[in-house]
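# Understanding the architecture of this molecule
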Amino acid sequence: MKVAIPQDSLARALGIVSRAVPSRSPLPVVSNVLLTTDDHRLKLVATNLEIALTVWIGAQVSEEGTITVPARLFSEFVSQLKGDQPVQITLPPRSRQLNVHCGRDEANIGGMPADDFPVVPEVTDGQRLVLPARGLRRAIEEVVFAAARDDSRPVLTGVHVQVADGVAELAGADGFRLAVHRLRLPAPSAEGSPEPFSVNIPWSTLDHLGRLLSESGDVQMAVNGERTRALFRLDDIELVTQLIPGTFPNYQQLIPTTYATRARVSVEEFLHETKIAAIFARDGSGIVRLHVTPGEGGGPGSLQVSARADEVGDNRGEIDAAVDGEPSKIAFNSRYLIDVLSVLEPGELALETSGPSNPGVLRPLGHDDYVHVVMPMFVQW
Amino acid sequence: MPIQRLPPEVSRQIAAGEVVERPASVAKELVENSLDAGARRVTVEMQRGGAERLRVVDDGCGIPEGELELAFARHATSKLSTIEDLARVATLGFRGEALAAIAAAAEVRCSSRPAEQLAAAWIRIAGGELLGRGREGKPHGTDIGMTRLFHAQPARRKFLRSAGAEAAAVAGVVTRLALSRPDVRFTLTSDGRLLLRTDGSGELRDVCRALYGSAADHLLPVEFEAPGVRVTGLVSPPGTWRGSRGAMTVFVNGRWVSSRAPLFAIERAYQDGLPTGQHPLAVLDVRLAPEEVDVNVHPAKTDVRFRDERVVLSALTAAAHSAISRSAPVPAAGALLSGGAQTFEGDDAAPLRLVSPPWAPRLPLEEPAVPQLPADARSPGEAAAPPASAGPPPARSANGAGDAPVAGPALPPLRIVGQVGATYIVAEGPEGMFLIDQHAAHERVLYERFCARPEGEDLQPLLVPQVCQLSPGASAALVADRRVLETVGVQADPLDGGAWLVRAVPAPLVKRDLSQLLSELGALAAEEPDLPRRRDRSLMTAACHASVRAGMSLSLDEMREIVLALESCRQPRTCPHGRPTVVHVPATALEREFRRR
């Protein structure tokens, strides 16, 4: 193998695939990155056996070849090289020592044969669709945090993606809260709109994907016929992931359709007061109490955010709220409030409640594509 | 008193005691009889833990009308006839004592019809005396019901435990028999509620699914053969653990064995992979030539002797090990990845390994009183039993001076240095170095919080109620007595088949493994008769589940929070079980070690 590549594009590609490299693995070859010449490009692959990331970069290939080298070592070395010189990569025939040469720097890196590297499965048959990169990034941000992190209910560690009628609906839930984002798909192309389907994508996959997405452009998604794997393709990057089998709970019925009290507040102010209350809530199981009071005589109402811990102390903060309905009180885990408020775009939201023991609903105002449902905590008021 | 031959009713009762101790032993004898009779379907019903009523219905070969009465005579059996047969016992029962013993201890009605007989014949016996007989229409098989166990022996009735405990024991017996015979359809109900139903598909995995839920899908098949011994069954992959050995079952030639040595042998296969206090799931059947095993040690036949025990034990270890290692790469990777996000902590912790010279283990904080505590607390029942008060056991007075210093000098303010082995927090204080067991410390913190928790406070309901699969025994115990759940603050309702629907949990238990928590609480409800102690132990169990585990890397903030909370505990020096939370390495000890003085 003999290849010359611009330093910056090699460093960027290594930065991308390295995210898939597990920090520890019983299979040593998995901590390596696979380098393969592919026509006039160099293909880099890394996998943690759950997801695989592939990046192609333009290169001057004068001799074909393939090898795997330790991802971290190679990536750190390349990122330190000078940017104005091409990186020359040479692998002598039947050798396992990769020679890397750039300007006056040179390194030899011991590799392992490419045959040992896990084969990245192909996703060819099945469903395909196109998603807008920017919208998808926001949807991922607003949903992934709500997916379960523990394995006690494996299906909930996935984000449910349901495609139907020109909309991709992403839903994450961990048993205590639910986040749903409706993402409008670009107008169907000549092939017609995609068949409805639904899959559960591991939250960590979407987290990876979210970091790769740019502000513009499209993402192509494909799901294989057995619904066991999905592929995302962005320009020169491919991400293949395993899917989580199982039936996601029917979450539509969990979203309350009515409310007794609705308070419109500023997202930033609400988040700020919740963070203050969380300091005091820390010793009391994270309980943050909300009191919604309608305004009198046309004045604005208020939302009071408070917390208390026995023998530690208490606090109260208040923000303006446009209140519709009766006065109400409800308590939430501070973590859950902070999680959702941190990902919402600045602006206004509506907090809808129906008593202290029924789920609370948060809806950002101005766009109807997102809803968050969270279970309150039962407390002694 | 002159020596005399005992009257028959007395000797009957004495012999009955050997076989019939409690409803579970009756269930065992009756179901084994059904299996020996070639039944494909066995239904067990019990009321009030089986002491009130226990009924076993099967579709086996039945007892011919002419032999019905003889079946209830002592040492009457159809399973062996000569002394040579005893050396090659292949049926489950053989001693010919069971039915006689049951009939001596309770009221029994037995109705049976062999397939070729036109009608079923029934007899009713109580205290060994025939009360009545007749004929009735029935499908073929045997239907035997026992009512009012020990009604004539109030002294023995007193030894029966709570309905929940007895129900759990019966469920344990039926569970093990169901595991030994996947080809037979078992149904078990308690007070009308379905506890267990197996489908008789012949697949062990299907039985496990009925018992352990989805964990069954991950179990690894075991197929092992060595000269003279063959081991088959299922074991869990590393990472699928239970908090007790309740899900470990070993059969020898199809017969369940109660001794623990085989369980230890299986655990050995997991080597260091097994976290402390955690146990795998396993259902293994060891096949030996019948001559190699002596099952006729005790009437209950759960204690067996091997001609060469080492062969059996090492076969078990090797069998489990081969199954685990064959499956190794993939699950190991999965387990690693899920923790991958936080692992860079590991590199930072490495230099701290300097800290393991010989003086490390368990240096007392100051008074020598603290290290004595673990010994106290481990002796079951006494020292550790806290007062029955609702609050946390404040400076347990029962322990006298031993705990006295705890209330006064709490922990000094500590600065977090790092973490060793993802298990111990290293901190610096005015008097040198402190090593803190993160799990024990967090457990102490949460235990005191649980104790101080007002009823109904900080309950986190679930948006989607969670289904937890329990063993029939644990489920039966919880159905009979829900107080342990109320104590901990878990709101849950039983469904059919040993499943529970959890609706709300206390905040610290959010995102913990609820199935395992409920299983352990169920076991507690079954085995701990003393109420205050049960309350306390259930809070300990909850605290243990809610706290960080050994082996979890923690951020500096997380460690700081645990240590701060520990400093404000009433008894910061020991975990609720009495193990030390903190080990102090005085500055002087460090200086000595480095020959600075």
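Everything here concerns the structure above.
What counts and how
- Residues numbered from 1 in each chain as written.
- Chains lettered and ligands numbered in written order.
- Predicted model: local features only at pLDDT ≥ 70, side-chain atom pairs only at ≥ 80, totals over all residues.
- Heavy atoms only, no water.
- Contact = heavy atoms within 4.5 Å.
- Buried area = accessible area lost by both parts, 1.4 Å probe.
- Salt bridge = Lys/Arg side-chain N within 4 Å of Asp/Glu carboxyl O.
- Polar contact = N/O pair within 3.5 Å; in protein donor to acceptor, adjacent residues only side chain to side chain.
- Helix = DSSP H or I, 4+ residues; strand = E, 2+ residues; numbered from the N terminus.
- Nonpolar A, V, L, I, M, F, W, Y, C, P; charged D, E, K, R; others polar.
- Buried < 20%, exposed > 50% of the residue type's maximum accessible area, 1.4 Å probe, protein only.
- Pairing = 2+ DSSP bridges.
- Axes fitted to C-alpha atoms, helices over the stretch in contact; angles between N-to-C directions.
- Parallel < 35°, antiparallel > 145°, perpendicular 65-115°, else oblique.
- Left-handed = near helix turned anticlockwise from the far one by under 90°.
- Phe/Tyr/Trp six-rings, centres within 6.5 Å; stacked < 30°, edge-to-face > 60°.
- Lys NZ or Arg CZ within 6 Å of the ring centre and 35° of its normal.

Each partner contributes to the interface: chain A provides 34 residues, whereas chain B provides 27 residues. Of the roughly 2800 Å² buried at the junction of chain A and chain B (both faces included), carbon and sulfur atoms supply 59%. The largest contributions to the chain A side of the interface with chain B come from Arg153(A), Phe176(A) and Phe378(A), which together make up 22% of the buried area. Here Glu561(B) makes a salt bridge to Arg282(A), at a shortest N to O gap of 4.0 Å. Here chain A and chain B share 6 residue pairs in polar contact (both at pLDDT 80 or more) between them. At the level of elements, strand E13 (177–184) and strand E19 (287–293) of chain A are the ones that each hand at least two residues to the side of chain A that touches chain B. When its residues are assigned to classes, the side of chain A that touches chain B shows 16 nonpolar, 8 polar and 10 charged.

Moving on, we come to the environment of Pro294(A). Residues and elements named next belong to chain A. With respect to the element layout, proline 294 can be found in the loop between E19 and strand E20 (301–309). Looking at proline 294, the relative accessible area reads 22%, which means it is partly exposed. Remark: the alpha-carbon pair of proline 294 and alanine 263, spanning 31 residues in sequence, is separated by 8.5 Å. Excluding anything up to four places from it in sequence, proline 294 contacts Gly301, Val323, Gly325, Glu326 and Pro327.

A word on the sheet that holds strand E7 (residues 185–190) of chain B. The strands making up a sheet associate through backbone hydrogen bonding, with each pair oriented either parallel or antiparallel. Residues and elements named next belong to chain B. Strands sit in the order E5-E4-E3-E6-E2-E1-E7-E8 across an open sheet of 8 strands; the sheet is mixed. Either end of the sheet is taken by a strand with one partner, and the two such strands are strand E5 (129–136) and strand E8 (193–197). Averaged over all adjacent pairs, the angle separating strand axes in this sheet is 10°, with direction ignored. Both strand E1 (residues 41–47) and E7 contribute to a ladder of 6 bridges, which runs parallel. Directly across from arginine 41, in E7, lies its bridge partner arginine 185.

What follows is about the packing of helix H14 (residues 472–480) of chain B against helix H16 (residues 514–527) of chain B. Two quantities define a packed helix pair, namely the angle between the axes and the distance from one axis to the other. Residue and element names in this part refer to chain B. With their axes 8 Å apart at the nearest point, H14 and H16 run at an angle of 65° to one another. Relative to H16, the element H14 is oriented roughly perpendicular. Crossing of H14 over H16 shows left-handed handedness. Together, Ala474, Ala477 and Leu478 of H14 and Leu518, Ser519, Leu521, Gly522, Ala523, Ala525 and Ala526 of H16 make up the contact between the two elements.

Looking now at the pattern of salt bridges. Residues and elements named next belong to chain B. Taken as a whole and assessed by the stated rule, the structure comprises 47 salt bridges over all chains. Here arginine 181 and aspartate 183 are joined by a salt bridge, their closest N and O atoms 3.1 Å apart. On the basis of relative accessible area, arginine 181 is assigned to the partly exposed category, the value being 24%. When the shortest N-O distance is used, the salt bridge between aspartate 493 and arginine 482 registers 3.4 Å.

The backbone phi angle of Arg227(A) is positive, close to 60°, even though this residue is not glycine. Structurally, Arg227(A) is set in the loop between strand E15 (218–223) and strand E16 (229–234). You can call Arg227(A) partly exposed: its relative accessible area is 35%. Phi at Asp191(B) takes a positive value of approximately 50°, unusual for a residue other than glycine. Tracing the chain through its elements places Asp191(B) in the loop between E7 and E8.

Bringing the packing of helix H2 (residues 23–36) of chain B against helix H3 (residues 98–105) of chain B into the picture now. Residue and element names in this part refer to chain B. Packing of H2 against H3 leaves a shortest axis separation of 10 Å and a crossing angle of 140°. Taken together, H2 and H3 sit at an angle that is classed as oblique. When the axes of H2 and H3 are compared, the crossing they make is left-handed. Side by side, H2 and H3 meet where Val26, Glu29, Leu30 and Asn33 of the first sit next to Ala98, Leu99 and Ile102 of the second.

Below, the discussion takes up the packing of aromatic side chains. Tallied over the full model, the rule gives 2 aromatic pairs over all chains. For the ring pair Phe176(A) and Tyr336(A), a centre distance of 6.3 Å and an interplane angle of 35° mean the geometry is tilted. A residue pair is termed long-range when its members are at least 10 positions apart, and Phe176(A) in the loop between strand E12 (167–173) and E13 and Tyr336(A) in helix H6 (residues 334–343) qualify at 160 residues. Residue Tyr336(A) is classed as buried on the basis of its relative accessible area of 3%. Relative to Tyr251(A), the ring of Phe248(A) has its centre 6.1 Å away and its plane inclined at 80°; by these criteria the two rings are edge-to-face. There is no split in this pair, since Phe248(A) and Tyr251(A) are both buried. Above the ring of Trp203(A), the side-chain terminus of Arg149(A) is found at 3.6 Å from the ring centroid. Sitting over the ring of Trp256(B), Arg176(B) keeps its end group 3.6 Å from the ring centre.

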